[in-house]
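These are the residues of each chain, in order.
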Amino acid sequence: MEVFATALPALGDAWGLILQPIVLGYLVLGVVMGLAVGVFPGLGGIAGLSLLLPFMFGMDPILGLALMIGMVAVVPTSDTFASVLMGIPGSSASQATVLDGFPMAKKGEAARALSAAFSSSLFGGLVGATFLTMFILIARPIVLAFGLPEMLMITILGLSMVAILAGRIPLKGVAAAGLGLMVGTIGEADAGGSLRMATYDIPYLTDGLKLVIVGLGIFAVPEIVSLLRQDRSIAKGASLGAGWLDGVKDWFANIWLSVRCSIIGVVVGVIPGLGGSVVDWIAYGHSVQSTKDKSNFGKGEVRGVIGPESSNNAKEGGGLVPTLLFGIPGSGSMAIFIGAVALLGSGDIEVGPSMLKDNLDITYSIVWLLALANVVGTILCIAASGGIAKLTTIRFTYLAPFLFMLISFAAFQSGQNFEDLLALFVIGLIGIFLRRFDWSRPAFLIGFVLSNPVEKFTNQAFQIASFRFRKSFGEGMEYVFSPIVIVLILVTVVSVILGIRQAKMIMAEGNVQAGTKRAPLIFLLVIMAYLIVALVNANMIPDYNMTDKIIPLVIGSVSLFCCVILLIQMMRRPEGDAIFADKEIAGEDATAPHGLWSTLAWFASLIAATWVVGFILALLGFLIAFFRIRAGASWQMTLILTACGIGFMCLMAGALNRDFPPGLLQDLVSLPWPLK
Amino acid sequence: MAISNFTRRTVVGLIAAAGLAAPAAAEVDFSGKTIEWVIPFSETGGSAKWANFFAPLLSEALPGQPTVVVKFMPGAGSTKGANWFQEQSHDDGTLLFGTSGSTQFPYLLSDPRVRYEYNDWIPVMASGTGGVAYLNAEDGAKFDGSANALKDTNFIYGSQGATRLDLVPLLAWQMLGMNVEPVFGIKGRGDGRLMFERGEANIDYQTSSGYLGGSVPLVEAGQAVPMMTWGALDADGNIVRDPTFPDIPTFKEVCEATDGCETSGEAWDAWKAFFVAGFPVQKLAFLPGDTPQEVVDAYTAAFQTVTERGDFADISSKRVGKYPVFVGDGSKAALQTATNVDDDAKQYVLNWLKEAYGVELN
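Report follows, based on the coordinates. (Residues numbered from 1 in each chain as written. Chains lettered and ligands numbered in written order. Predicted model: local features only at pLDDT ≥ 70, side-chain atom pairs only at ≥ 80, totals over all residues. Heavy atoms only, no water.)

Looking now at helix α7 (residues 189-197) of chain B. All names here are of chain B. Most of α7 is tucked away, with seven of its nine residues classed as buried. Taken together, the buried positions of α7 are occupied by R189, G192, R193, L194, M195, F196 and E197. Backbone geometry just downstream of α7 places G199 in the positive-phi region, at approximately 85°. (Buried < 20%, exposed > 50% of the residue type's maximum accessible area, 1.4 Å probe, protein only. Helix = DSSP H or I, 4+ residues; strand = E, 2+ residues; numbered from the N terminus.)

Written out as structure tokens, the structure is:
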């Protein structure tokens, strides 16, 4: 009761602060800027906030907060455009949305998918804020109850979603997830600093691969290449079916799913150290399990959009708890946010444990500014969705070069190395083959995303547990099997059992025809070869660095074991069995007018030309050549589109103060921006 | 400092006037230009906070009030950005580079990734911080100014890695004869504090600003007991009490009070060398090596103006801690102390890293 006695006046003060015209004005300004920069996949929040930082110095705290929160809040909303319309996962928060959102766009239901997603986001954001208003007062002990064993179990629960998304041949799904986990271990180990599948001679690899690049490579590149080969529009027949009002109705019909997923989002978001990487997969898994007719998942089931989208905005609210109460950022943009708050006003607001005691009104303002920003952002997005959805009716050949431009730029921003582009191409190639042979791409991505948490939490929990066990057996057991851990184990077991039973009905890649043995077999052998090399490589790490080698060894062995069984099955089963699924045998890819390699060569040429003359000059040549030769456009059209592309790129990069990949030319002569 | 600056600028002026320097000293003016302050870390770390604090102040103080933007170039534990800066040469004075202890330590330990040389660069500003180690309530009760009663306790500590700044606390605890087991692989000191708060770790250290923001409330609530600071350097290079925490003893004092811990000898020299490189001179701002003197002077004067602002003590203590900011010749001296570790100290630390943690840096 005493708690509420302080909370209610603070809540009143907070609304008093928020509901001033100038504060709302700054909020809307922030939202609009956030939507504008949110176009770039994987860049939005951090780039936008860094841009605002210089202005935060000494600014009136509430105005600064409104501006920054407006910008951060809409990123998980606006990147839904890219994931639904283009199949490009903008951030880890919108990966699961791609699974059903993009197929809906392909069916001509882009507007419906978008408005369902936005309604869910809006609702999730509000549920999150309401929940937080109460929860934030009692959150501290609850957050502290989540130790390393608990976090490990949540990570494993996330990993168990592989069971649902494994596809028709569960073994292939497990192997794909294993491969994702192994790719995630590339680079310098967190614990002992040993190198896995990397060398100091190639510094790029020592940092490991970035999520943006793997997400773009696994989901976006294969879809772009496939659509480009078919030379059609994203929406089949270039017609739009259901409109934006249907999406809102869909959301309302599934409001309880939306409530449950919002709660999942806010609760998982509260736990520091996990961030958003697992939330949307857990929400997606829950959506699948709670749906009676599962046959539409992966082919454009609206519940598959509503679930993850409800959770990802609620998660942002949950993520405020570790950020504000402990001063520990839940994400990159939250980290800048903390830094920026210290610059505000006279610097009195210190994010951290004193936040609740000294600045409860500011805390509540932040929570509700976030919710309000969600509302404003969502309304703008829904208003725009009908128009933007028309993009899916354009002949894809006119969109593709811009998408190659965008994903290359986004990939480069993740590390500012030329190697980023190469990595995007190589991962894209892996994505193309995973898709072709019906190996679960979501499983691969889940594996990759959770690779680092699995390894980190396993090692750390093991070390602390053995420390406790040395004290006494009872203390060790108490640490490892806390009530939360036991509940999570039960949830995981149930979800795996249900998942395996349901997995066969969910075909993320559609019903892929099976063909001859040769091509799928070769792909399997290539994967096995990589796993063997990675295992030998991990085994070479000296034993005193056991923490750096144990996870790659165990995961690699399990994956290899799955592959060996697959190999035996492939040898024994006849041609035409589902295990030999191959998209080049029948279906859209097989009948496409353009070949895989000639299409991919266009992308490769952009990267190669960048290496020589730098990105902007390469892009100039690429766009002109592509529109003239591949699209067969008139010179006038070609020049207009090229100018638009280059202009847009320079405008955005200039505003965000970003560089372009330089080439050999730039090493020789110094050129002015944007050519440098 | 102001005097020495004045003197040097007078001397430079005289030389120019005497026609010894070939071009006439052009007036440096950055009007309409954009200065890029490159940080070899991500947007999220302490160095970002540091550069973002100074950037707007520097912008006001430089001639022509250029825009100062902070750019981030993270990778390979900051060696990527430093290797990149090594390749840069003076263009129009619009490139500034910031390093931190995490850039200094690999350099001092001859990490194979290091392809940069601090002595090639021109320092224009340097600033430091302090650090505080603390214990949980139960073990803190046993602490009496010496570590004698702590030698039988098993400690666990959340660490970012033995070759990082964590080298300083880990070596200090080892010298005190304490049995501290590091749990490696955490991402920042905030995560370490959280591990401490959850009771998984029972010893922790934070840099000054982290301690003030996150750990003081724990101390006030009786959940943590401060043990020692690393101290601060006086003008003669002696370790004295940290001005931010005058009531907490330094490691030097605790070491003197603890049986078997020596404040002389190779272990002490090694610890002190790495402490100096990591804390009192933690962050430095550099211009490329071939920058003309008048540009260097413009930056020096600008940073001087910043530190002489009436409100500087006030705003800086809240944002980057109240530690001295060295400018001009002061920053040169600071660079010397931060990057000169004698071979014995280096060898001692390399051997210790190998024996205690199996880390080999080559």
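Here the narrative resumes.
The next point concerns the sheet that holds strand β12 (residues 283-287) of chain B. Residue and element names in this part refer to chain B. Within the open sheet, the six strands sit side by side as β2-β1-β3-β12-β4-β13. Their pairing is mixed. Pairing within the sheet leaves two strands with one partner each, and these edge strands are β2 (67-72) and β13 (325-327). Neighbour to neighbour, the strand axes of the sheet diverge by 25° on average, direction disregarded. Where helix α2 (residues 46-61) meets the sheet, its contacts fall on β1 (34-39), β2, β3 (95-99), β4 (122-127), β12 and β13, and the angle it forms with β2 comes to roughly 165°. Those strands touched by helix α13 (residues 329-339) are β4, β12 and β13, and its axis lies near 85° from that of β4. (Pairing = 2+ DSSP bridges. Axes fitted to C-alpha atoms, helices over the stretch in contact; angles between N-to-C directions. Contact = heavy atoms within 4.5 Å.)

All names here are of chain A. Taken as a whole and judged by the stated rule, the model has 30 salt bridges over all chains. Salt-bridge contacts for E109 lead to R112; the nearest nitrogen and oxygen are separated by 3.2 Å. Take E109: its relative accessible area is 16%, and that puts it in the buried class. With relative accessibility at 18%, the residue R112 sits in the buried group. K315 is paired through a salt bridge with E316; the nearest N and O atoms lie 3.2 Å apart. The class for E316 is buried, based on a relative accessible area of 13%. Each of the salt bridges in this network shares a partner with another, and the network as a whole consists of K106, E223, R435, R441 and D589. (Salt bridge = Lys/Arg side-chain N within 4 Å of Asp/Glu carboxyl O.)

With that settled, consider the interface of chain A and chain B. Listed per partner, the contact involves 49 residues of chain A and 46 residues of chain B. Regarding the contact of chain A and chain B, the summed buried area is about 4100 Å², with carbon and sulfur atoms giving 52% of it. Ranking the residues of chain A by area buried against chain B places A:F57, A:Y200 and A:F467 at the top, with a combined share of 15%. Taken together, chain A and chain B are joined by four salt bridges. Here B:E197 makes a salt bridge to A:R140, at a shortest N to O gap of 2.3 Å. Mapped by element, the contributors of at least two residues to the side of chain A that touches chain B are α3 (44-56), α7 (110-145), α8 (148-160), α17 (332-343) and α22 (441-471) of chain A. Looking at the side of chain A that touches chain B, its residues break down into 23 nonpolar, 15 polar and 11 charged. (Buried area = accessible area lost by both parts, 1.4 Å probe. Nonpolar A, V, L, I, M, F, W, Y, C, P; charged D, E, K, R; others polar.)

On to the nonpolar core. Membership of the largest hydrophobic core comes to 225 residues, with the highest contact counts inside it found for A:L65, A:M68 and A:W439. Per-element accounting of this core gives the leading share, 15 residues, to α7(A). If we skip the residues at most four places from it in the chain, A:M68 touches A:L49, A:L52, A:M56, A:F337, A:A340, A:V341 and A:L344. Listed in part, the 69 residues of the second largest apolar core include B:A147, B:V168, B:L170 and B:V180. (Core = buried A, V, L, I, M, F, W, Y, C linked by side-chain atoms within 4.5 Å.)

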